[in-house]
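Summary of the model geometry
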Amino acid sequence: MGFLYRNTRKKDEVIPASQAILQGLGSDSGLFVPDEIPAMDVPLTELAKMDYRGLAYEVMSRMLTDFTEEELKYCINSAYDEKFDDTKIAPLVKHHGTHFLELFHGKTIAFKDMALSILPYLMTTAAKKNKMDHEIVILTATSGDTGKAALAGFADVPGTRIAVFYPKSGVSPIQEKQMVTERGKNTFVAGIHGNFDDAQTGVKKMFSDPVLREDLDRQGFRFSSANSINIGRLVPQMVYYYYAYTQLLNSGEIQAGDKINIVVPTGNFGNILAAYYASLMGLPVNRLICASNDNKVLYDFFTTGTYDRNRDFILTTSPSMDILISSNLERLIYRIAGNDAEKNAALMKELSETGKYTVTDEMKKELSRFYGNFADMDTVAATIKAVYDEDGYIIDPHTAVAAAVYDMYKKETGDETPAVIASTASPYKFTRSVMTAIDPSLQSEEDFALVDKLEQLSGVKIPQAIEDIRSAPVLHKTVCEIEEMETVVRNFLK
Ligand SMILES: *Cc1c(COP(=O)(O)O)cnc(C)c1O
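In this report, we go over the structure that sits alongside the text. The shown structure was predicted, so the numbers you read here are calculated from the model rather than taken from an experiment.

**With respect to the overall build of the protein**
- For the protein, the helix and strand inventory stands at 22 helices and 16 strands.
- For 494 residues, the compact-globule estimate of 2.2 N^0.38 gives 23 Å, and the C-alpha radius of gyration of the protein, at 21 Å, lies within 12% of that figure.
- A principal-axis box enclosing the C-alpha atoms of the protein has dimensions of 60 × 50 × 45 Å.
- Counting across all 494 residues of the protein, residues that qualify as buried make up 61%.
- Considering only contacts within the protein whose residues lie at least 6 apart along the sequence, 75% involve residues at least 24 apart.
- For the protein, the accessible surface area stands at approximately 18,800 Å², while carbon and sulfur atoms represent 48% of it.
- In the protein, which carries 52 positive and 68 negative side-chain charges, the distance between the mean positions of the two groups comes to 3 Å.

Below, the structure written as structure tokens:
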């Protein structure tokens with residue numbers, strides 16, 4: 001059977017991987033975590049000979065031990081195919097004196113596709129294994145990119161339905177258009193009057209509402225999550241950090257065993273946590289550089305040891321990182337508390353009651369692998385322009401937050417360890433911010449005129465995801481208050 005996943009708030013709740021994926025969230029709103037990460041026992045030089053799918057099997061089979069080889073390979077091969085517009089799946093490119101790991105070659109052109117193209121397969125396989133006959137209802141809160149990636153992944157998948165909530169005024173025009181034009185018959189999309197944290201809290205509340213759960217159970221439904229609180233999101237994300245490493249190995253930039261730095265533009269702390277888990281599996285990592293935008297709770301946490309969400313929520317040009325409650329940080333807190341569910345639960349209770357908590361000095365010492373900093377919107381725009389001016393490469397605002405923070409890190413520490421920057425979205429998804437950073441006089445142009453300009457400047461073909469929404473009709477028009485989320489879900493399931 002292999003190892004089990006444990007609830008971060010309830011130490012006796014332990015279940016195998018497939019059940020953790022099905023449930024999404026544990027009871028008492030705890031998250032499922034592995035107690036220990038198994039070591040990768042295949043040498044890096046062997047891993048370097050594998051393609052993305054082969055590598056995905058090696059990494060994921062060690063984390064999802066109750067899936068058979070046949071099941072896992074079926075999931076991997078179904079996910080990482082021609083849906084991606086690059087045969088490498090996650091190509092590593094060299095610019096700005098460092099390496100960008102392009103994670104945006106999937107269907108919805110953001111890194112969320114890396115995990116959400118496989119999650120529906122993992123989930124339906126897990127349902128079959130566990131003889132679950134309920135229909136799975138995916139409830140999702142999105143800061144913009146998860147929503148469309150989850151819709152695309154679950155659209156018309158038999159045995160599933162999906163509802164997505166996004167902050168009505170908190171996503172880019174292209175992000176919104178991508179979601180509200182979704183055609184899948186089992187899909188539902190609603191904007192809320194609130195921010196991402198409100199959407200996420202509302203969704204978590206529905207998960208832990210026993211009355212709602214029983215009502216739905218009677219109707220034949222069972223909730224699960226496509227957010228990075230689901231371990232089924234994090235495990236597939238570990239793969240591409242290994243893949244970045246093996247690409248560096250194959251191009252001769254490093255020798256097997258050399259350490260690398262990993263820079264991640266961070267919101268809900270899922271992507272960087274996956275990098276941390278990969279390092280615990282044995283990937284040679286020096287520092288994990290956590291890049292924040294103006295919503296810099298994580299920077300403050302890494303510098304002071306206090307997590308404090310009592311501050312204004314700032315809408316930035318990197319909306320997918322506009323988050324004040326980084327859910328996955330709980331998984332790190334649990335670990336640095338010595339895998340102590342009670343200690344962790346006490347801190348999370350403090351967070352929900354007072355909006356903040358402080359870790360002990362002993363716990364803070366465990367964070368030395370992480371470096372945090374932040375970039376404000378002007379710095380982000382200047383970085384997009386600077387990287388473009390160097391050699392014509394255009395990065396999106398989220399990736400630019402990471403590039404800017406990496407520049408600060410190098411200046412501050414002088415550390416020249418080879419680095420990989422997680423490039424989390426295609427610039428086409430944030431065309432307005434990107435194009436006006438390069439040329440402010442474009443401010444008054446229409447969105448799709450800017451798309452065409454971006455193609456001219458970058459020489460990168462307009463992705464299919466953008467072509468698809470040019471003339472697509474709006475199919476989802478629901479906008480609701482935060483308090484109405486439950487009613488809206490009940491109506492969708494009627
Ligand atoms: C979701 C997202 C992030 C933040 O990732 P987390 O796993 O939430 O930290 C960064 N950039 C983009 C483009 C995203 O969509």
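**Some thoughts on the site of the ligand**
- In the vicinity of the ligand lie 15 residues, with Lys 112, Asp 145, Gly 267, Asn 268 and Thr 424 positioned nearest.
- Here an oxygen atom of the ligand and a backbone polar atom of Phe 269 are 3.1 Å apart.
- Its free accessible area being 380 Å², the ligand has 98% of it covered by the protein chains.

**Focus on the sheet that holds strand E15 (residues 419–423)**
- Strands sit in the order E4-E5-E15-E10-E11-E14 across an open sheet of 6 strands; the sheet is mixed. With partners counted over all chains shown, the strands left at the sheet margins are strand E4 (92–95) and strand E14 (370–374), one partner each. Averaged over all pairs of adjacent strands, the angle between their axes in this sheet comes to 25°, without regard to strand direction.
- In the sheet, E4 pairs with strand E5 (residues 98–102) via 4 bridges, with the strands oriented antiparallel. Opposite His 95, over in E5, you have Thr 98 as the bridge partner.

**Things to note about helix H3 (residues 52–63)**
- Given a rise of 1.5 Å per residue, 12 residues ought to cover 16 Å, and the 17 Å separating the end C-alpha atoms of H3 matches this to within 8%.
- For H3, the buried fraction is high: 10 of the 12 residues fall into the buried class.
- Turning to H3, its buried residues number three or more, namely Tyr 52, Leu 55, Ala 56, Tyr 57, Glu 58, Val 59, Met 60, Ser 61, Arg 62 and Met 63.

What counts and what doesn't
- Residues numbered from 1 in each chain as written.
- Predicted model: local features only at pLDDT ≥ 70, side-chain atom pairs only at ≥ 80, totals over all residues.
- Heavy atoms only, no water.
- Helix = DSSP H or I, 4+ residues; strand = E, 2+ residues; numbered from the N terminus.
- Rg over C-alpha atoms; globule rule 2.2 N^0.38 Å.
- Buried < 20%, exposed > 50% of the residue type's maximum accessible area, 1.4 Å probe, protein only.
- Contact = heavy atoms within 4.5 Å.
- Areas by Shrake-Rupley, 256 points an atom, 1.4 Å probe, with all protein chains shown as cover.
- Lys, Arg positive; Asp, Glu negative; His and termini not counted.
- Charge placed at Lys NZ, Arg CZ, Asp CG, Glu CD.
- Near = heavy atom within 4 Å.
- Polar contact = N/O pair within 3.5 Å; in protein donor to acceptor, adjacent residues only side chain to side chain.
- Pairing = 2+ DSSP bridges.
- Axes fitted to C-alpha atoms, helices over the stretch in contact; angles between N-to-C directions.
- Expected span 1.5 Å × (residues − 1).

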